[in-house]
Amino acid sequence: MNLKNIVIILDHPDESRNIGAVCRAMANNDIKELRIVGNRDDYDIEHIHVLAIHAGYIFDNAHFYNSIIEATKDCSISAGTTRRRGKKRGKLYLPEEFAQKASEITGTETRNTDSKVAVIFGNERTGLTDDQLSQCTVGVTIPSSDDFGSLNLSHAVQIICYHLFRENLAAHNKAVKSYQSLSLERIDSTVKTITDNLKEIGFFKMPGREEMENFWRSILSRASMSESEVQYLEKIFSKISGLNKKTHEKNPKKNPEKI
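Residues numbered from 1 in each chain as written. Predicted model: local features only at pLDDT ≥ 70, side-chain atom pairs only at ≥ 80, totals over all residues. Heavy atoms only, no water.

A. Structural view of the pattern of salt bridges. A complete count under the given rule lists 11 salt bridges for this structure. With its nearest N and O atoms 2.7 Å apart, the salt bridge here joins arginine 125 to aspartate 14. Taken as a pair, arginine 125 in the loop between β6 (116-121) and α6 (130-133) and aspartate 14 in the loop between β1 (6-11) and α1 (16-28) lie far apart in primary sequence, 111 residues in all. The partner of aspartate 196 in a salt bridge is lysine 192, and the shortest N-O contact between them spans 2.8 Å. Placement of both aspartate 196 and lysine 192 in helix α8 (residues 184-200) is noted, with a separation of four residues, approximately one turn of the helix. Three or more residues are tied together by salt bridges with common partners; here these are Glu33, Arg35, Asp74 and Lys116. (Salt bridge = Lys/Arg side-chain N within 4 Å of Asp/Glu carboxyl O. Helix = DSSP H or I, 4+ residues; strand = E, 2+ residues; numbered from the N terminus.)

Here you go:
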């Protein structure tokens, strides 16, 4: 993925502040090229910059066009965003599917294909009409609630840009490190440590061990703990067992209650 080849296009946006929020969403995801179908004079630059925070430069460098066709003529693919399906809307990509397609087309920063991918967003009130979508080559849809499906313009841009950004990270092997859950084999090792130490302090009778193991195995697997967390848990129970042993040596007549 080469994010420099991603173009965000707004078709006649109504609200200047929404444009500013779009700029901020783009900057969050390292996407910098904004094009607008409409007239620059129709928008309040001050309002745009207030919502854009430090991303006002994206609007300052934006280009304006008379139509989607004109705004996308140098792009290899133009994706119109819509939440409504219909006979005239054809196949609609999900954001993650489209991100993969965009990655194939745009190449990488070291293997630049010079092929641009445009994503078009409609007016805040109406979205893209069938006529506007007909000027796009593909469609992208963001699943949302049947009861309240309309997304704020900048939110929709953020979702699409985020998927493109994540695809870029993956392509460059820079994906954010995910939380690595442990295998059941590793969890069983921790369960053994816990139950061994519980047995050592006389917490349960031998017939109760299997039930105790099943309890901890279920809890730990659902908790999706990390290696460092289970190691810490093992240390806790080992320390409890050690402290109990010292206490028992000082007070040999004191026997813990068994369950």
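B. Inspection of the pairing of strand β4 (residues 75-81) at higher detail. For β4, the buried fraction is high: six of the seven residues fall into the buried class. As defined by bridge partners, β4 adjoins β6 across five bridges and the pair is classed as parallel. Across the sheet, the residue bridging to serine 78 is alanine 118, located in β6. (Buried < 20%, exposed > 50% of the residue type's maximum accessible area, 1.4 Å probe, protein only. Pairing = 2+ DSSP bridges.)

C. Spatial organisation of the pairing of β6. Most of β6 sits out of view: six of its six residues are buried. Pairing analysis gives five bridges linking β1 to β6, with the strands arranged parallel. Across the sheet, leucine 10 pairs through a bridge with phenylalanine 121, a residue of β6.

D. Main features of the sheet that holds strand β5 (residues 92-93). Strands sit in the order β3-β2-β1-β6-β4-β7-β5 across an open sheet of seven strands; the sheet is parallel. Of all strands in the sheet, those with a lone pairing partner are β3 (63-65) and β5, marking the two edges. Note that β1 and strand β2 (residues 33-37) share five bridges and pair parallel. Each bridged residue has a counterpart across the sheet, and for isoleucine 9 the counterpart in β2 is arginine 35. Strand contacts of helix α5 (residues 95-106): β1, β4, β5, β6 and β7 (138-140), with the helix running at about 150° to β6, the strand carrying the most contacts. (Contact = heavy atoms within 4.5 Å. Axes fitted to C-alpha atoms, helices over the stretch in contact; angles between N-to-C directions.)

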